[in-house]
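Residues per chain are reported as follows:
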Amino acid sequence: MYPIEFKKKWQLTYDELALVLGYQSDFTVRCWGINGKRKRNPQKVVYVACRLLDEKWSTQGKLVDSYL
């Protein structure tokens, strides 16, 4: 699952998305959703993390917490 789709589905802020994916700041996750010279592409492990969190939250409920 693409991280920005995950963010929209679970109505997360960029700060919350960074927290659950283990990033110290939200700068990188904000760059996934933009176009231009600052655009970044998520690493493949981020797609896996989003998919696994989506499955977990679908069955157990949403819990915004650091998973590190």
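Residues numbered from 1 in each chain as written. Predicted model: local features only at pLDDT ≥ 70, side-chain atom pairs only at ≥ 80, totals over all residues. Heavy atoms only, no water.

Enquirer: Hey, could you run me through helix H4 (residues 44-60) in this one?
Expert: In an α-helix, one turn spans 3.6 residues; hence positions three or four apart end up facing the same way. Counted at 1.5 Å a residue, the expected span for H4 with its 17 residues is 24 Å, and the 24 Å between its end C-alpha atoms agrees. Taken residue by residue, H4 has Val46, Cys50, Leu53, Asp54 and Trp57 as its buried positions. Relative to the axis of H4, the buried residues are bounded by an arc of 110° and lie together on one face. Within H4, the exposed residues directed more than 90 degrees away from the buried face are Lys44, Val45, Thr59 and Gln60. Immediately downstream of H4, the backbone of glycine 61 shows phi near 100°, a positive value. (Helix = DSSP H or I, 4+ residues; strand = E, 2+ residues; numbered from the N terminus. Expected span 1.5 Å × (residues − 1). Buried < 20%, exposed > 50% of the residue type's maximum accessible area, 1.4 Å probe, protein only. Arc of directions from axis to C-beta.)

Enquirer: Got a minute to help me understand the packing of aromatic side chains in this structure?
Expert: Two aromatic rings, taken as a pair, are described by how far apart their centres are and by the angle between their planes. By the definition in use, this model includes 4 aromatic pairs. A network of ring pairs unites the aromatic residues Phe6, Trp10 and Trp57 as a single cluster. Taking NZ or CZ as reference, lysine 7 lies 4.5 Å from the ring centre of tyrosine 14, over its face. (Phe/Tyr/Trp six-rings, centres within 6.5 Å; stacked < 30°, edge-to-face > 60°. Lys NZ or Arg CZ within 6 Å of the ring centre and 35° of its normal.)

Enquirer: Teacher, can you tell me more about the nonpolar core here?
Expert: One broad rule of soluble globular proteins: the nonpolar side chains tend to lie buried together. Counting residues in each nonpolar core, the largest one holds 14 residues, and the members touching the most others are Phe6, Leu17, Val20, Leu21 and Trp57. Sorting the residues of this core by element identifies helix H1 (3-9), helix H2 (14-21) and H4 as the ones contributing at least two each. When near neighbours in sequence (up to four residues on either side) are disregarded, phenylalanine 6 contacts Met1, Leu12, Leu17, Val20, Cys50, Leu53, Asp54 and Trp57. (Core = buried A, V, L, I, M, F, W, Y, C linked by side-chain atoms within 4.5 Å. Contact = heavy atoms within 4.5 Å.)

Enquirer: I'm lost on the pattern of salt bridges in this one. Help?
Expert: When the charged atoms of two side chains lie near each other, side chains of opposite charge can form a pair. Taken as a whole and assessed by the stated rule, the structure comprises 3 salt bridges. When the shortest N-O distance is used, the salt bridge between lysine 9 and aspartate 54 registers 2.8 Å. Within this pair, whereas lysine 9 is found in helix H1, its partner aspartate 54 is found in helix H4, the two being separated by 45 residues in sequence. Under the relative-accessibility criterion, lysine 9 is labelled partly exposed at 45%. (Salt bridge = Lys/Arg side-chain N within 4 Å of Asp/Glu carboxyl O.)

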